[in-house]
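# Structural overview for review
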Amino acid sequence: MGTLFSQDPRRSCDDGNYDELDGFLGLAVKFAKKHKVSVADVIAAKHALELERQNNLYVDNGDIFDEQMAGFGELIRELNQHLSDHLLND
């Protein structure tokens, strides 16, 4: 999991990779024959998997955000305590 101060670069996604598209369509034809469905059905199934992946990433991102906000909250609490201790002791 990435952190606030040491985030790895995000993977760039280029939609111009036609070799990848060619490979995907070849697999779609293969799966269509194997499962006796249309290529459109295979593409729809792949789309459903992509939606599931996006949902999982959304949840993971929310969890990371929550953890980071909790960390900020703890830092603010510590700073507040430190300031209170010094103001009361001075």
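Residues numbered from 1 in each chain as written. Predicted model: local features only at pLDDT ≥ 70, side-chain atom pairs only at ≥ 80, totals over all residues. Heavy atoms only, no water.

## Notes on the pattern of salt bridges
The following threshold applies: By salt bridge we mean one thing: a side-chain nitrogen of Lys or Arg within 4 Å of a carboxyl oxygen of Asp or Glu. Each helix is a run of H or I in the DSSP string that is no shorter than four residues. Each strand is a run of E no shorter than two, and both are numbered from the N terminus. Only protein chains enter the area calculation, which uses a 1.4 Å probe; residues under 20% of their type maximum are buried, those over 50% are exposed, and those in between are partly exposed.
The final tally for this structure, using the stated rule, is two salt bridges. Between glutamate 50 and arginine 53 there is a salt bridge; the shortest N-O distance is 2.7 Å. Linking glutamate 50 with arginine 53, this pair stays in helix H2 (residues 39-89), spanning three residues, or about one helical turn. You can call arginine 53 partly exposed: its relative accessible area is 42%. Where arginine 77 meets glutamate 74, a salt bridge forms, and the shortest distance between an N and an O atom there is 2.7 Å.

## Considering the environment of leucine 88
If you trace the backbone, leucine 88 turns up in helix H2. What makes leucine 88 exposed here is its relative accessible area of 72%. It is 33 Å that separates the C-alpha atoms of leucine 88 and aspartate 66, two residues lying 22 residues apart in sequence.

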